[in-house]
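In case you want the letters, here they are:
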Amino acid sequence: MSTAYPIVTLVTAFFTGSAAVFYLIGHEYPKAQADMKRIPRRYVPVLGSLLAAGTAGLLTGFAVPLIGTAAAVGLVLYFTGALVAHLRVGSRNLLGWAIFFATVVTDLVVNLLHHY
């Protein structure tokens with residue numbers, strides 16, 4: 001488990017950090033997703049900030065395990081909200097969501113098994 005924890009955490013941080021950058025630089029994809037989910041575009045930077053905070057928390061978890069665990073829980077909740085947003089508008093295009101969700105749930109499980 002000691003090898004899995006840093007690998008899974010770094011992969012998760014890469015995924016969520018990359019998404020955060022796309023949200024924060026004003027890339028068209030997050031804007032189109034917000035439009036599709038009927039979320040006002042003014043929330044796109046807020047969502048990017050939440051992803052960035054989660055990413056920073058995961059990485060901080062290497063030094064302070066409780067922060068890493070809290071960040072993983074927060075990211076699971078973030079992507080649960082994303083699922084609700086998809087389903088609310090009838091979207092069944094869930095492949096991207098499923099990849100992110102599986103990644104953050106795996107990170108949470110590995111984090112808990114490694115530290116507790």
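Here we summarise the structure given alongside this text. (Residues numbered from 1 in each chain as written. Predicted model: local features only at pLDDT ≥ 70, side-chain atom pairs only at ≥ 80, totals over all residues. Heavy atoms only, no water.)

## Description of the packing of helix α1 (residues 4-24) against helix α3 (residues 44-60)
It is the contact of α1 with α3, at a shortest axis distance of 8 Å, that shows an interaxial angle of 155 degrees. The orientation of α1 relative to α3 falls into the category roughly antiparallel. Two packed elements cross with a definite hand, and for α1 against α3 that hand is left-handed. Two secondary-structure elements touch here, α1 through Thr9, Leu10, Thr12, Ala13, Thr16, Gly17, Ala19, Ala20, Tyr23 and Leu24 and α3 through Val44, Pro45, Leu47, Gly48, Ser49, Leu51, Ala52, Thr55, Leu58 and Leu59. Per-class residue counts for the contact of α1 with α3 are 13 nonpolar, seven polar and no charged. (Axes fitted to C-alpha atoms, helices over the stretch in contact; angles between N-to-C directions. Helix = DSSP H or I, 4+ residues; strand = E, 2+ residues; numbered from the N terminus. Parallel < 35°, antiparallel > 145°, perpendicular 65-115°, else oblique. Left-handed = near helix turned anticlockwise from the far one by under 90°. Contact = heavy atoms within 4.5 Å. Nonpolar A, V, L, I, M, F, W, Y, C, P; charged D, E, K, R; others polar.)

## Notes on the packing of aromatic side chains
By the definition in use, this model includes six aromatic pairs. Judged by centre distance (5.3 Å) and plane angle (20 degrees), the rings of Phe79 and Phe100 are stacked. Here Phe100 lies in helix α5 (residues 95-115) and Phe79 lies in helix α4 (residues 65-88), a separation of 21 residues in the sequence. The class for Phe79 is buried, based on a relative accessible area of 7%. The rings of Phe14, Phe15, Tyr78, Phe79 and Phe100 are connected pair by pair, giving a single aromatic cluster. (Phe/Tyr/Trp six-rings, centres within 6.5 Å; stacked < 30°, edge-to-face > 60°. Buried < 20%, exposed > 50% of the residue type's maximum accessible area, 1.4 Å probe, protein only.)

## Digging into the side chain of His86
Tracing the sequence through the fold places His86 in helix α4. Residue His86 is classed as buried on the basis of its relative accessible area of 6%.

## Re unusual backbone geometry
At Arg38, a position not held by glycine, the phi torsion is positive, near 60 degrees. Mapping Arg38 onto the fold places it in the loop between α2 (28-36) and α3. We classify Arg38 as exposed; its relative accessible area is 58%.

## Examining a nonpolar patch on the surface
Together, Val64, Leu66, Ile67, Leu112 and Tyr116 make up a nonpolar patch on the protein surface, roughly 480 Å² of accessible area in all. Turning to its location among the elements, Leu66 is positioned in helix α4. Judged by its relative accessible area of 60%, Leu66 falls in the exposed class. (Patch = residues over 30% accessible without salt bridge, like charges linked within 9 Å, V, L, I, M, F, W, Y side chains within 5 Å. Areas by Shrake-Rupley, 256 points an atom, 1.4 Å probe, with all protein chains shown as cover. Salt bridge = Lys/Arg side-chain N within 4 Å of Asp/Glu carboxyl O.)

## Some points on the nonpolar core
In terms of nonpolar packing, the biggest core is built from 17 residues, with Tyr23, Leu51, Leu58, Leu75, Tyr78, Phe79 and Val104 touching the most fellow members. If you list the elements that add at least two residues to this core, you get α1, α3, α4 and α5. Non-local contacts of Tyr23, meaning those with residues more than four positions away in its chain, are made with Pro30, Val44, Leu47, Gly48, Leu51 and Tyr78. (Core = buried A, V, L, I, M, F, W, Y, C linked by side-chain atoms within 4.5 Å.)

## Describing the side chain of Lys37
Locating Lys37 in the fold gives a position in the loop between α2 and α3. Of the side chains bearing the opposite charge, Asp35 lies closest to the buried Lys37, which forms no salt bridge; the N-O distance is 11 Å. Not counting the four nearest positions on each side in its chain, Lys37 is found in contact with Ala85, His86, Arg88 and Val89. (Lys, Arg positive; Asp, Glu negative; His and termini not counted.)

## A word on the environment of Pro30
Along the polypeptide, Pro30 turns up in helix α2. Note: C-alpha distance between Pro30 and His86 (56 residues apart in sequence) is 13 Å. Excluding residues within four positions of it along the chain, Pro30 makes contact with Phe22, Tyr23 and Val44.

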